[in-house]
Amino acid sequence: MRDRFEASLPARWKAPLVAGALAALSPVLLLAPRGVPAEAGRPLVTALVVVQAAALWWLSARPAVVTAVAVLSGAALQFLVPAAGQGIALVVLSTFAWLRPARTSLWGAAGAAAVLGVSAGAGGHGVAAVLWPVAAVLAWSWGALGRAWAARRQAEARRAVLEERARIARELHDVLAHTVSVMVVQAAAADDVFDTSPEKARQAVRSLEASGREALVELRRFVRTVRLLDEETAAVTGGDALVPQPTLADLDRLAGTVEAAGLPVRVVRDGLEDADVPPGVALSAYRIVQESLTNALRHARASTAVVTVRARDGRLTVEVRDDGTGGGRPGWTGAGQGVAGMRERAALLGGTLEASPDPAGGFRVRAHLPLEETA
């Protein structure tokens, strides 16, 4: 399977990495080199330390080159100052295995093992000639294991996002199908009474216009969603059948279902009577509440939950709080992808979502969704 994981070191880490390497290598400067006069050996050791540390500045951009420099300078340090070992060469090798796929970094591990083994053997340390190559392989294995773990996490997150996008696409399809059906009925009604009752025909045309505008808004959201899907979505989702989708009016029913399962839920509505909530926004708000209550029911050990849905200042705010004490909640601890899917759902509508422990106790999920279409 092709390795699609992309890893890099942030630019802001460059200076701390170099400074940390210099600090870690500074004790080497206090050791006397062997086999060469001190007046010549110390400058050489200093130069090797500076080269090994300074090379880290380009570690993210040129990991293979920097690893080669670190291993070669480390082998030279090991030969001149056996007590200092090979400096930070193994740390760089492990980082290289994390930054690059195994098929690329494995050659670096083999080269490092050979160079460090030869250097230790040339210095007359038979045991070190065996131990350092083993240490190089272990360092590479640690970095490769970290890369595999990170790649798996990224793949799981990407799968969750793809599933959520596909589900949103199906849901918006339902909304559009309903709106277009209404438009067809209104157009037929206008045609039927066009000659006998022009006023009724005019009213039907006005209703048709309003429905068309609503359809255009939902279509923009739908196109935005479809644009983000790729051929992998079909394999991930499995093509589930379309079902009628819930709205904010179904929150009480959802609360009753959760309460029957053991978690009392109170639903608070504010300003919804005067707000025009688009179907797509209402559906996303319902799904966010559904996912939040599911997490609270399964993982929170909560005794109560409060759902607040507020329409104000052109946006819909959805908040779910519980008083649970459970710490292992998928999504905010990294154990699952529930919050990742909710955050993606909010982002596709131009909104935001926050999920974190509540300072007052328990856990809180809060989403802000725009009530008007953003171009």
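Residues numbered from 1 in each chain as written. Predicted model: local features only at pLDDT ≥ 70, side-chain atom pairs only at ≥ 80, totals over all residues. Heavy atoms only, no water.

Novice: Which residues make up the sheet that holds strand S2 (residues 305-312), and what values do they have?
Specialist: Taken in spatial order, the 5 strands line up as S1-S2-S3-S5-S4 in an open sheet, and their pairing is mixed. The sheet is open, and its two borders are formed by strand S1 (265-270) and strand S4 (352-357), each paired with just one other strand. Neighbour to neighbour, the strand axes of the sheet diverge by 10° on average, direction disregarded. As paired strands, S1 and S2 are joined by 6 bridges and run parallel to one another. Pairing of Val265 across the sheet is with Ala305, part of S2. Each of S1 and S2 touches helix H9 (residues 251-260); the most contacted strand, S1, lies at about 165° to it. Docked against the sheet, helix H10 (residues 279-299) engages S1, S2, strand S3 (315-322), S4 and strand S5 (363-370), running at close to 10° with respect to S3. (Pairing = 2+ DSSP bridges. Helix = DSSP H or I, 4+ residues; strand = E, 2+ residues; numbered from the N terminus. Axes fitted to C-alpha atoms, helices over the stretch in contact; angles between N-to-C directions. Contact = heavy atoms within 4.5 Å.)

Novice: Can you lay out the UniProt feature "transmembrane region" (unreviewed entry) in the protein chain for me, pointing to particular residues and giving the numbers?
Specialist: Per the UniProt record, "transmembrane region" (unreviewed entry) is annotated on residues 13-32, 44-60, 66-99, 106-124 and 130-150. Between the C-alpha atoms that bound residues 44-60 the distance is 27 Å, and the span itself is 65% helix and 0% strand. From the first C-alpha to the last, residues 66-99 spans 12 Å; its make-up is 76% helix and 0% strand. (UniProt positions renumbered as here; feature names shortened; annotations may be inferred.)

Novice: With reference to specific residues and values, describe helix H11 (residues 338-348).
Specialist: Most of H11 sits inside the fold, with 8 of its 11 residues counted as buried. Those residues of H11 that sit buried are Gly338, Val339, Gly341, Met342, Glu344, Arg345, Ala346 and Leu348. Directly after H11, the chain includes Gly350, whose backbone phi takes a positive value near 85°. (Buried < 20%, exposed > 50% of the residue type's maximum accessible area, 1.4 Å probe, protein only.)

Novice: Explain the confidence of the model for the protein chain residue by residue, including any values.
Specialist: Close reading of the predicted structure is inappropriate where its pLDDT is low. Of all residues in the protein chain, 81% attain a pLDDT of 70 or more, and the chain-wide mean is 79. The model gives residues 230-243 a pLDDT under 50, and that stretch makes 19 contacts with residues more than four places away or in other chains. Note on residues 328-336: pLDDT under 50 across the span, and 23 contacts to partners over four residues away in sequence or across chains. (pLDDT = per-residue confidence, 0-100.)

Novice: So, the packing of H9 against H10: which residues are in play, and what are the values?
Specialist: Viewed as axis vectors pointing N to C, H9 and H10 meet at an angle of 10°, and their least axial separation amounts to 11 Å. Judged by the angle between their axes, H9 and H10 are roughly parallel. Residues Leu251, Arg253, Leu254 and Val258 of H9 form the contact with H10, whose own contacting residues are Tyr286, Val289, Gln290, Leu293 and Leu297. The residue inventory of the contact of H9 with H10, partitioned by class, reads 7 nonpolar, 1 polar and 1 charged. (Parallel < 35°, antiparallel > 145°, perpendicular 65-115°, else oblique. Nonpolar A, V, L, I, M, F, W, Y, C, P; charged D, E, K, R; others polar.)

Novice: Before we move on, could you go through the packing of helix H3 (residues 63-80) against helix H5 (residues 102-122) and cite the residues and values that matter?
Specialist: Contact geometry for H3 and H5: axes closest at 9 Å, N-to-C directions at 15°. In terms of orientation, H3 lies roughly parallel with respect to H5. Regarding H3 and H5, the two cross each other, and that crossing is right-handed. The residues of H5 that touch H3, namely those facing Val71, Leu72, Ala75, Gln78 and Phe79, are Ala112, Val115, Leu116, Ser119, Ala120 and Ala122. Among the residues making up the contact of H3 with H5, the classes are represented as 9 nonpolar, 2 polar and no charged. (Left-handed = near helix turned anticlockwise from the far one by under 90°.)

Novice: Would you mind going over the environment of Ala122 in detail, with residue names and values included?
Specialist: Following the sequence through the fold, Ala122 ends up in helix H5. The exposure class of Ala122 is exposed, given its relative accessible area of 56%. Each C-alpha atom, one on Ala122 and one on Phe79, is 7.5 Å from the other, the two residues being 43 residues apart in sequence.

Novice: So what's going on with the environment of Gly111? Which residues, and what values?
Specialist: Assignment of secondary structure puts Gly111 in helix H5. Accessibility expressed as a relative area gives 31% for Gly111, which makes it partly exposed. Considering only alpha carbons, one finds Gly111 and Ala68, 43 residues apart in sequence, at a separation of 8.5 Å.

Novice: Could you give an account of the pattern of salt bridges, naming the residues involved and the relevant values?
Specialist: Per the stated rule, a full pass over the model turns up 9 salt bridges. Arg253 is the salt-bridge partner of Asp250, the closest N and O atoms lying 3.8 Å from each other. By relative accessible area, which is 21% here, Asp250 ends up partly exposed. Through salt bridges with shared partners, a single ionic network connects Glu319, Arg321, Asp358 and Arg366. (Salt bridge = Lys/Arg side-chain N within 4 Å of Asp/Glu carboxyl O.)

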